[in-house]
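Coordinate inspection notes
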Amino acid sequence: MRSAMIRAGVTAVALSLATVATIGTSASAASPATSKDPRWHVSGTAKIHFEPAADDDITFTITARGVFTEAEGIVKVDHYLPDGNGGGFEAEVDCLVAGGPVATVTAVITTSTSFPVGTRVAVSVYDGGTDRSGGGRDRIGWNWSVPTGAVQPCTAPATFATVERGGFTVVGKGWPTPPAQTGTGK
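Residue position: glycine 167 is located in strand β8 (residues 161-172). Since its relative accessible area comes to 21%, glycine 167 is described here as partly exposed. Between the C-alpha atoms of glycine 167 and arginine 139, which are 28 residues apart in sequence, the distance is 8.5 Å. When sequence neighbours within four positions are dropped, the list of residues in contact with glycine 167 reads Ser43, Gly44, Thr45, Ala46 and Asp138.

Structure below.
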């Protein structure tokens, strides 16, 4: 009887250890943040309606994939006035945060006719799907039309402008483990 109780206790401990090891392995296998992580991405091209510049031709193209500061991709913006004057920029993504239909993307300008190269920009995107008549309900916001000051990685203003044509797809599934922050002890 006593040996049966010992065997049962040993079996229970072994099962508990196996469960803990399995949970630990599954959690660590699922949480590494890499730029190839498919859980978060945003992509698309859209012509934007921005009330203060309602007659301007403003187009955003965004392709970003990955998690937090390990994301990669581009943000491209073209902005032309009705007389044809204007310009734009292309920026390399340095952070992506996504949740459900909403994404925040920051990027550092690599080529530009509008802003100094090396400037960080921020864009927020809402993937609103389509309405009953087939029109888009997506929205977008960007920092250079809002007095935000210096842009920190992974932060952007609310989505204040509407999409006229085109649209964005946002995928924000799960919450991956953030990469280690240097110099903060976290």
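In this structure the tally under the stated criterion is 12 aromatic pairs. On the numbers, 5.6 Å between centres and 75 degrees between planes, the contact of phenylalanine 89 with phenylalanine 115 is edge-to-face. Residue phenylalanine 89 is found in strand β4 (residues 86-99), and its partner phenylalanine 115 is found in the loop between β5 (102-112) and β6 (120-126); the two are separated by 26 residues along the sequence. Within the aromatic cluster, the residues linked to one another by ring pairs are Phe50, Phe60, Phe89, Phe115, Trp142, Trp144 and Phe160.

With that settled, consider the nonpolar core. Formed by 33 residues in total, the largest nonpolar core has its most connected members in Val42, Ile48, Phe60 and Ile140. At the level of secondary structure, the elements contributing two or more residues to this core comprise β1 (40-49), β2 (57-65), β3 (72-80), β4, β5, β6, β7 (139-142) and β8. The biggest single contributor to this core is β4, with five residues. Sequence-distant contacts of isoleucine 48, that is, excluding residues within four places in its chain, are made with Ile58, Phe60, Ile140, Trp142, Ala161, Thr162, Val163 and Glu164.

This part takes up the state of the cysteines. Considering all chains together, one arrives at one disulfide under this definition. The disulfide that involves cysteine 95 links it to cysteine 154, with 1.8 Å between the sulfurs. When the S-S torsion is 95 degrees, as for the bridge of cysteine 95 with cysteine 154, the disulfide is right-handed. In this pair, cysteine 95 sits in strand β4 while cysteine 154 sits in the loop between β7 and β8, placing the two residues 59 residues apart along the sequence. Among the residues examined, cysteine 95 registers a relative accessible area of 0% and is labelled buried.

Scanning all chains against the criterion turns up three salt bridges. For aspartate 94, the salt bridge goes to arginine 120, with nearest N and O atoms at 2.7 Å. With a gap of 26 residues between them, aspartate 94 in strand β4 and arginine 120 in strand β6 connect regions that are remote in the sequence. Judged by relative accessible area, aspartate 94 falls into the buried class, the value being 17%. We classify arginine 120 as partly exposed; its relative accessible area is 27%.

Structurally, valine 121 can be placed in strand β6. The buried category is assigned to valine 121, whose relative accessible area is 3%. What valine 121 contacts, discounting residues up to four positions off in sequence, is Phe89, Ala91, Val105, Thr106, Ala107, Ile109, Asn143, Trp144 and Val151.

The subject of this paragraph is the sheet that holds β8. Reading around the barrel, the eight strands line up as β1-β2-β3-β4-β5-β6-β7-β8 and close back on themselves, with antiparallel pairing between neighbours. The sheet shows a mean angle of 30 degrees between the axes of neighbouring strands, taken without regard to direction. Note: β7 against β8, two bridges, orientation antiparallel. The partner of arginine 139 across the bridge, within β8, is threonine 162.

A separate point is the side chain of asparagine 143. Assignment of secondary structure puts asparagine 143 in the loop between β7 and β8. A residue is classified by how much of its surface remains accessible, and asparagine 143, at 10% relative accessible area, is buried. Within polar-contact distance, the side chain of asparagine 143 engages the backbone nitrogen of alanine 122 at 2.8 Å. What asparagine 143 contacts, discounting residues up to four positions off in sequence, is Arg120, Val121, Ala122, Thr148, Val151 and Pro157.

Cut-off values and rules
- Residues numbered from 1 in each chain as written.
- Predicted model: local features only at pLDDT ≥ 70, side-chain atom pairs only at ≥ 80, totals over all residues.
- Heavy atoms only, no water.
- Helix = DSSP H or I, 4+ residues; strand = E, 2+ residues; numbered from the N terminus.
- Buried < 20%, exposed > 50% of the residue type's maximum accessible area, 1.4 Å probe, protein only.
- Contact = heavy atoms within 4.5 Å.
- Phe/Tyr/Trp six-rings, centres within 6.5 Å; stacked < 30°, edge-to-face > 60°.
- Core = buried A, V, L, I, M, F, W, Y, C linked by side-chain atoms within 4.5 Å.
- Disulfide = S-S within 2.5 Å.
- Salt bridge = Lys/Arg side-chain N within 4 Å of Asp/Glu carboxyl O.
- Pairing = 2+ DSSP bridges.
- Axes fitted to C-alpha atoms, helices over the stretch in contact; angles between N-to-C directions.
- Polar contact = N/O pair within 3.5 Å; in protein donor to acceptor, adjacent residues only side chain to side chain.

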